[in-house]
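This is what each chain is made of:
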Amino acid sequence: MEMFVSFCIVVLLAVIAFAGVELVNLQFLFGVIIPYAAFAVFVVGFINRVIQWGRSPVPFHIPTTCGQQKSLPWIRDSKLDNPSGTLGVIGRMALEVFFFRSLFRNLKTGLQNGELKYTGTKWLWLGGLIFHYSFFIVLLRHLRFFTNPVPSFVGYLDILDGYFKSGSPNLLITGWVLLGAVIYLFLRRAFIPGVRYISLTADYFPLFLIMGVALSGIVMRYYIKVDIVSVKELTMGLVTFSPVVPQGIGSIFFIHLFLICILFAYFPFSKLMHMGGVFLSPTRNLPNNSRMRRHINPWNYDVKVHTYEEYEEEFRDKMKSVGLPVEKE
Amino acid sequence: MYDGGKIITGLIIFLAIVTFPFYSNIGKANVKPAPDLDTPAIQELEVKKCIEPTGFMRANHMKLLKQWMDDLQEFDKDTYRASDCKVYDSSYDTCMECHVSQKNFCDRCHTYAAVKPYCWECHELD
């Protein structure tokens, strides 16, 4: 049901964009107003969400420890999996952000010949890594619509991405890989019973949305062509704050753009915020130094303590008079 | 805010990345490229149109040219029947009869859109 609803919403969104452009001629709404609005919602929402997180205290010192803690000098500690200082944390975060290390450590519990076995399962890690990197490259490639002249690294990226030199327009690998990876991530959700059981609309919807974005982009690049110069005129109009909507851009472009706008506007309110959240995960970004430094719960109220020194100061005379030992005479 | 310094720094980096298209274009005008259509062959035409309608050519010329290449290489077919039933030699030279210059015609849009077709790895530059 969750799956069906998410799918229908994405189809409906595409139909809205198509109908809005084809039937009602709302090119300016879909080409200018909605993109600006979506971008504003994305930026403001993102910052707002991160600041909310920043204001939440971390009551306990909770780094996950995946290796030997730093202790005696002759015991080798695991500097990245159980970091004891800032440098280690930076290394650990880098591995997490760039290589999804915690997913790489994913284990599957199961019976093999009647014995309980834990085996590594890398498929989710691999699918996720491919998905994120191809999406990132696709995003970078799109800089060609938002810069003029286009930075040279975008050109080099195109050369690498178009390595096969197949067809005209040239086949770009990452677009297809992105679509394949997102379909894999969806199939995994749909067919593994355990994963399906915990999947909600909020899990399916972004997958279908990204599938829609990738598919509409691929269709537009290879099949139902649009005049790319007019498209760039529109996008450059947006980033130079002099919006124009050139005549004769095909509806497929507006479908693609509208789905992206929805993705951007939805971003701050969804699980996609893991883009910012990964940096704020206390289990990853804290060094495991709780035996060297005391972590104080920020919401602890001031506890009135009466130390022994103060106690002795107060009762010294009385203690002496009954013969109790005191530290200071 | 806890760890405010680090979080604000992170947010500033985030802002710098996502607003890059905006600030990198400050003070630039959005000028659309104009491929040069003022060539002798085009001037002579009574009806100024390409072999297919302009809208189709703008969006689909790369597919058409690829089809011509495949037709020639695979089926030894060197003519193209356009949608108005006129038959043309499906050759790079047919394009260049009217459009003359790679630099003044092809490249103007290709540079704008940062496209590098591999036509000129074999065909001659002008």
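Just so you know, these numbers come straight off a predicted model, no measurement behind them.

Reading the values: the criteria
- Residues numbered from 1 in each chain as written.
- Chains lettered and ligands numbered in written order.
- Predicted model: local features only at pLDDT ≥ 70, side-chain atom pairs only at ≥ 80, totals over all residues.
- Helix = DSSP H or I, 4+ residues; strand = E, 2+ residues; numbered from the N terminus.
- Buried ≥ 20, exposed ≤ 12 C-beta atoms within 10 Å, placed from the backbone.
- Contact = placed C-beta atoms within 7 Å.
- Axes fitted to C-alpha atoms, helices over the stretch in contact; angles between N-to-C directions.
- Parallel < 35°, antiparallel > 145°, perpendicular 65-115°, else oblique.
- Left-handed = near helix turned anticlockwise from the far one by under 90°.
- Nonpolar A, V, L, I, M, F, W, Y, C, P; charged D, E, K, R; others polar.
- Core = buried A, V, L, I, M, F, W, Y, C linked by C-beta atoms within 7 Å.

Moving on, we get to the environment of D78 of chain B. Residues and elements named next belong to chain B. Here D78 lies in the loop between α4 (54–75) and β1 (79–81). We classify D78 as exposed; it has 12 C-beta atoms within 10 Å. Here the alpha-carbon distance between D78 and Y92, two residues 14 residues apart in the chain, equals 11 Å. Setting aside its immediate chain neighbours within four residues, D78 contacts L72, D89, S90 and S91.

Below, the discussion takes up the packing of helix α2 (residues 27–55) of chain A against helix α11 (residues 251–266) of chain A. All names here are of chain A. The geometry of α2 relative to α11 is characterised by a closest axis approach of 8 Å and an angle of 20 degrees between their N-to-C directions. The angle between α2 and α11 falls in the class roughly parallel. Considering only the axes of α2 and α11, their crossing is left-handed. Here F30, G31, I34, P35, A38, F39, V41 and F42 of α2 lie close against α11, whose contacting residues are F254, L257, F258, C261, F264 and A265. Residue composition of the contact of α2 with α11, by class: 13 nonpolar, one polar and no charged.

Now for the nonpolar core. All names here are of chain A. One finds V182 and F258 to be the most contacted residues of the largest nonpolar core, which totals 48 residues. Of all the secondary structure elements, the ones that give two or more residues to this core are α1 (2–22), α2, α5 (123–141), α7 (173–191), α9 (201–222), α10 (228–239) and α11. With 11 residues, the single largest contributor to this core is α11. Filtering out sequence-adjacent residues up to four positions away, V182 remains in contact with F131, L207, I210, M211 and A214.

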